[in-house]
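Fold and contact review
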Amino acid sequence: MGILDKCYNFTDAKEAIAAGIYPYFHALQTSQDTEVVMDGKRIIMIGSNNYMGLTSDPRVMQAAKDAIDKYGTGCSGSRFLNGTLVLHEELENELADYFHKDAALTFSTGFQTNLGTISSIVGYHDYIINDSENHASIIDASRLSFAKKVVKYGHNNMQDLERVLKKLPEESGKLIVTDGVFSMSGDIAPLPGIIELARKYGARVMVDDAHGVGMIGKSGRGTASYYDLEDEVDIIMTTFSKSLASLGGCIAAEQAVIDYVKHKSRPFIFSASIPPSNAAAALKALRIIRDEPERQKALINISNYMRAKLKEAAIPIIEGKTAIIPVYTYDINRTLMITKMLLEEGIYVNPVIPPAVRDGECMLRTSYTATHTQEQMDKAVDAFKRVFSRF
Ligand code: PMP
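For every chain, the first residue of its written sequence is number 1, and the numbers climb from 1 along that sequence. Reporting in this predicted model follows two pLDDT cut-offs: at least 70 for local features of residues, and 80 or more for side-chain atom pairs to be given and counted; totals over whole chains, interfaces and linings ignore these cut-offs and use all residues. In computing side-chain values, all of the structure's heavy atoms are included and hydrogens and water are not.

The next subject is the pairing of strand β5 (residues 149-153). In the sheet, strand β4 (residues 127-131) pairs with β5 via 5 bridges, with the strands oriented parallel. Bridge pairing in β5 links Ile129 to Val151. A crossover gets the label right-handed when its path from the first strand over the helix to the second runs clockwise, viewed with the strands pointing away from the viewer. Helix and strand labels come from DSSP, where a helix needs a run of H or I of at least four residues and a strand needs a run of E of at least two; each type is numbered from the N terminus. Crossover β4 to β5 through helix α6 (residues 136-144) is right-handed. By definition, two strands form a pair when at least two bridges between them are found by DSSP.

Structure (structure tokens):
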């Protein structure tokens with residue numbers, strides 16, 4: 001079999017396009033906001049991760065423009081050598097402060113942050129213990145590491161976590177990694193239970209709070225803050241591509257951990273640093289989130305309103321407490337059909353199909369923004385009612 005035969009034989013996408021239900025790569029003709037234009041049509045966006053509504057905030061946009069004026073468009077190299085700006089250091093200092101940790105380190109994407117952190121921290125004699133629903137970047141980071149073994153526990157299941165931990169050698173290095181707010185279900189990780197077991201079995205804890213930051217915790221500081229456990233979480237990770245309205249990622253941890261990762265992490269050392277505009281946008285967004293707690297309150301109110309209204313309309317949502325509200329659609333074709341019909345109604349949602357979920361557990365991932373208006377929410381609920389009444 002030729003190396004490219006799998007590409008030549010890949011027909012799934014073509015078939016979905018031919019059937020008119022292909023849901024991917026819709027190009028926006030406007031900025032990412034609560035309403036966007038696709039194919040010339042105005043669409044209400046309930047499928048983005050722009051939780052704080054800052055991607056088109058004039059202050060964030062101005063900060064990005066000012067950074068271009070001052071530092072140019074790119075850094076042309078790694079943080080390690082020529083690519084560190086005082087702006088990166090300023091951003092890292094504020095991130096460390098925000099997460100109540102000694103220090104922070106920025107990477108060029110959230111995906112790379114997980115790759116670079118987990119692969120450098122976990123060595124030949126160590127174990128990684130993953131929640132079974134952890135993000136793909138954690139799974140790939142685990143593969144990239146030289147871990148003696150990567151083990152999984154049932155999603156948010158503390159009994160299963162204990163069963164797994166019990167089997168590992170007592171003296172070995174162990175890193176438990178969990179999403180803080182899970183990207184698909186919106187579930188919040190049970191950090192008190194995880195930390196109790198980590199202490200009991202000598203493990204360290206890393207929380208990927210890509211979705212938690214902005215959304216939950218004091219001043220939007222995420223899952224560790226939500227439980228008042230910032231001191232107990234060893235490594236807090238987040239991305240800049242969601243609430244922070246930019247691109248990039250970071251970890252915050254004790255100084256020794258940051259010093260080690262910044263000298264050992266290959267995805268950090270051998271890749272160029274975040275462009276000035278992205279660093280400045282993330283820094284401005286961070287300050288706004290910190291200084292404007294009303295955004296987080298608005299997001300909670302909007303999410304609670306949508307949860308209540310969708311439930312009232314008998315739409316099969318998955319219960320939760322965050323701004324991610326999944327709706328069960330079960331099989332693939334039905335999921336893609338409903339996605340298409342909602343789009344025709346002027347509503348964009350994300351279809352979630354295997355391999356992101358198990359067969360028969362397909363869903364629509366709806367997610368909300370602090371700046372969604374009452375009118376937009378009510379239009380979205382009405383569209384859901386109309387589309388679901390046809391199934
Ligand atoms: N972790 C989680 C939980 C995520 O959902 C994502 C992005 N979807 C990432 C990491 C990767 O972040 P980025 O998009 O910045 O690469």
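Past the structure itself, the notes keep going.
Before going further, it helps to examine the domain arrangement of the protein chain. Where each domain begins and ends is defined by an automated method or by a domain database. By the assigned domains, the protein chain splits into domain 1 (13-45 + 293-388) and domain 2 (58-291). A straight line from the C-alpha centre of domain 1 to that of domain 2 covers 27 Å. Of the roughly 1,200 Å² buried between domain 1 and domain 2, counting both surfaces, carbon and sulfur atoms make up 57%. Buried area: the accessible area, evaluated with a 1.4 Å probe, that two parts lose upon being put together, summed over both parts. Sorting the residues of domain 1 by area buried against domain 2 places Gln296, Thr322 and Ile324 first, and these three jointly supply 38% of that buried surface. A pair is scored as a salt bridge if a Lys or Arg side-chain nitrogen falls within 4 Å of a carboxyl oxygen belonging to Asp or Glu. Linking domain 1 with domain 2 are 0 salt bridges, by the criterion used here. Here a polar contact is taken to be a pair of N or O atoms separated by no more than 3.5 Å, where protein atoms must pair a possible hydrogen donor with a possible acceptor and residues adjacent in sequence count only if both atoms sit in side chains. Counting across the domain 1 and domain 2 interface gives 4 residue pairs in polar contact (both at pLDDT 80 or more).

A few words now on the site of the ligand. Put simply, a residue is near a molecule or strand once any heavy atom of it comes within 4 Å of that molecule or strand. Taken together, the neighbourhood of the ligand is formed by 14 residues, with Gly110, Phe111, Asp208, His211 and Thr239 sitting nearest. A distance of 2.9 Å is found between an oxygen atom of the ligand and a backbone nitrogen or oxygen belonging to Phe111. Measuring from a nitrogen atom of the ligand, one finds a side-chain N or O atom of Asp208 at 2.6 Å. Compared with its free state, where it exposes 390 Å², the ligand has 84% of that area covered by protein. Of the residues contributing to the shell around the ligand, the split by class is 2 nonpolar, 9 polar and 3 charged. The accessible surface values rely on the Shrake-Rupley method and a 1.4 Å probe; as for residues, cover is taken only from the protein chains in view. Residue type decides the class: Asp, Glu, Lys and Arg count as charged, Ala, Val, Leu, Ile, Met, Phe, Trp, Tyr, Cys and Pro as nonpolar, and the leftover types, Gly among them, as polar.

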